[in-house]
Amino acid sequence: VGQNSDNVIAETVGLQNLVDLIRSTTRIPQRAHTSSALFMSVDHCFPIKGKGTVMTGTVMSGTVSVGDTIELPDLSMERKVKSI
């Protein structure tokens, strides 16, 4: 217990207390079935010479692996995933 410049008594709380509080007040979200189709929000898309087109973004649901074919509906295209 200490006192700050405003003469308010402050209690020192340890890091383990903070970790325990976070663990007791948060939950792990339930994931959608992994067999669902890939749904990805694309942030950036750019070409890299010799590698192909690179897309970055957030996977909202589903999964993707190297070798999978993904569909880009707005572009009416399908492409193979070369690397992750």
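See the structure above.
A brief structural summary. Predicted model only: the values in this text are computed from it and were never measured. (Residues numbered from 1 in each chain as written. Predicted model: local features only at pLDDT ≥ 70, side-chain atom pairs only at ≥ 80, totals over all residues. Heavy atoms only, no water.)

## Comments concerning the overall build of the protein
As a reminder, the rule being used: The helix and strand labels rest on DSSP assignments: H or I over at least four residues marks a helix, E over at least two residues marks a strand, and numbering proceeds from the N terminus. Contacts were defined at the residue level, with two residues in contact if any of their heavy atoms lie within 4.5 Å. For the accessible areas, the method is Shrake-Rupley and the probe is 1.4 Å, while residue cover comes only from the protein chains on display.
Secondary structure assignment for the protein yields one helix and six strands. Ordered by position in the sequence, the α and β elements of the protein form the string β-β-α-β-β-β-β. Summarising the internal contacts of the protein: among those between residues at least 6 apart in sequence, 15% fall at separations of at least 24. Carbon and sulfur atoms make up 54% of the accessible area of the protein, which totals about 7800 Å².

## Quick word on the pairing of strand S3 (residues 39–48)
Where we set the bar: At least two bridges found by DSSP between two strands is the condition for calling them paired.
For S3 and strand S4 (residues 52–61), the ladder comprises nine bridges, and the chain directions are antiparallel. In the sheet register, isoleucine 48 faces S4, and the bridge partner there is glycine 52. A loop of three residues connects S3 with S4, the two strands running antiparallel in sequence, and glycine 50 in this loop sits at a positive phi of about 85°.

## Digging into the pairing of strand S6 (residues 77–80)
Judged from the four bridges that link them, strand S5 (residues 69–72) and S6 form a sheet pairing that is antiparallel. Note on S6: the bridge partner recorded for leucine 72 is methionine 77. Counted between consecutive antiparallel strands, the loop separating S5 from S6 contains four residues, among which serine 76 sits at a positive phi close to 50°.

## A word on the environment of threonine 25
Applicable threshold: In protein, a polar contact requires one atom able to donate a hydrogen and another able to accept it; more generally it is a pair of N or O atoms within 3.5 Å, and residues adjacent in sequence count only if both atoms are side-chain atoms.
Tracing the backbone through its elements, the reader meets threonine 25 in helix H1 (residues 15–25). Here leucine 21 takes part through its backbone oxygen, which lies 2.8 Å from a polar atom of the side chain of threonine 25.

## Quick notes on the environment of methionine 60
With respect to the helices and strands, the residue methionine 60 is situated in strand S4. Put simply, methionine 60 and phenylalanine 39 are 21 residues apart on the chain and 5.5 Å apart in space, counted from C-alpha to C-alpha. Non-local contacts of methionine 60, meaning those with residues more than four positions away in its chain, are made with Phe39, Met40 and Ser41.

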